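# Structural overview for review
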Amino acid sequence: MEERVLRCETIDPEGFAPFGQVISVYSREADASNDELQFWNRLSEMSYEGKTSISIVETYGKNGLDEFNLEQHTESEETLIPTDDIYIVVALSDPADPKKPDIEAARAFKVPRQSAVTLGKGVWHHAPLTKEEVTRTFVVFQSTTPEEDFFMVDLADDYDCYLSVEG
């Protein structure tokens, strides 16, 4: 099985735009600010019908920064809110076959704690990777996403490779 190394990129709104939105207080001025607080409204908005699920995924550093699977949700967006720094591998669909990820153009980003990302519909991704022993990431999406809008590929089976994040 071939190892394909992805250089980890510093996340910023422009570089991440093809995959979704970066959520960070550093992206703009606060909407309200006083001696007591600062408040940033609408840093990201998600669009879907139905109930919202707030979930947690726990990932383990013992697995390193290697990605063996990619998943896709074609009808729903997904927001990842990490409690520690995380690394995510993302890809758009292959132009020749939209039901498969374009792994040749896959990218890796570090999402620092106190920031978050909203992945757009159809963006290939998987659980966050971590260098920590254990990291928890809040996941926000439509309640029915795991049961009704979930497709996964096994990179070893389908591409005879895995993706390794260099970072």
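It should be emphasised that the depicted structure is a prediction, and the values quoted were computed from it without experimental measurement. (Residues numbered from 1 in each chain as written. Predicted model: local features only at pLDDT ≥ 70, side-chain atom pairs only at ≥ 80, totals over all residues. Heavy atoms only, no water.)

Before going further, it helps to spend a moment on the sheet that holds strand β12 (residues 107-111). The strand order across the open sheet formed by five strands is β6-β16-β1-β12-β9, and the pairing between neighbours is mixed. At either end of the open sheet lies a strand with only one pairing partner, and these are β6 (66-67) and β9 (86-90). (Pairing = 2+ DSSP bridges. Helix = DSSP H or I, 4+ residues; strand = E, 2+ residues; numbered from the N terminus.)

Under the definition given, this model contains five aromatic pairs. Ring geometry for Phe19 versus Phe109: centroids 6.0 Å apart, planes at 65°, classification edge-to-face. Of this pair, Phe19 sits in the loop between α1 (13-16) and β2 (20-23) while Phe109 sits in strand β12, and the two are 90 residues apart along the sequence. Grouping residues by exposure puts Phe19 and Phe109 together as buried. Ring geometry for Phe68 and Tyr162: centres 5.0 Å apart, planes at 25°, overall stacked. With Phe68 in the loop between β6 and β7 (69-72) and Tyr162 in strand β16 (residues 161-166), the pair connects residues that are 94 residues apart, well separated along the chain. (Phe/Tyr/Trp six-rings, centres within 6.5 Å; stacked < 30°, edge-to-face > 60°. Buried < 20%, exposed > 50% of the residue type's maximum accessible area, 1.4 Å probe, protein only.)

We now examine unusual backbone geometry. Excluding glycine, most residues fall at negative phi; most peptide bonds, likewise, are trans. Positive phi values are uncommon outside glycine, yet Arg42 reaches one of about 50°. Within the element layout of this structure, Arg42 appears in the loop between β4 (38-39) and β5 (52-60). Residue Asp160 is not a glycine yet carries a positive backbone phi of 55°. With respect to the secondary-structure elements, Asp160 resides in the loop between α3 (155-159) and β16.

It is worth spelling out the sheet that holds strand β8 (residues 78-82) at this point. Across the sheet, five strands lie side by side as β2-β13-β8-β14-β5; this open sheet has antiparallel pairing. Looking along the sheet, the strands with just one partner apiece sit at the ends: β2 and β5. Neighbour-to-neighbour, the strand axes of the sheet open up by a mean angle of 20°, direction not taken into account. Here five bridges tie β8 to strand β14 (residues 134-142), and the two strands are oriented antiparallel to one another. Within β14, the residue paired with Ile81 across the bridge is Phe138. (Axes fitted to C-alpha atoms, helices over the stretch in contact; angles between N-to-C directions.)

Time to look at the nonpolar core. Residues Leu70, Val89, Leu163 and Val165 are the most contacted members of the largest nonpolar core, which totals 17 residues. Judged by nonpolar contacts, the second largest core, of 15 residues, contains Ile86, Val90, Val111 and Leu119. (Core = buried A, V, L, I, M, F, W, Y, C linked by side-chain atoms within 4.5 Å.)

Alternating positions in strand β13 (residues 116-119) separate into two faces, Ala116 and Thr118 on one and Val117 and Leu119 on the other, with burial throughout. Relative to β13, β2 is paired through four bridges, and the arrangement is antiparallel. Looking at the pairing, Ile23 lines up with Ala116 of β13. Bridge count for β8 against β13 is three bridges, and the pairing is antiparallel. Counterpart to Thr79 in the pairing with β13 is Thr118.

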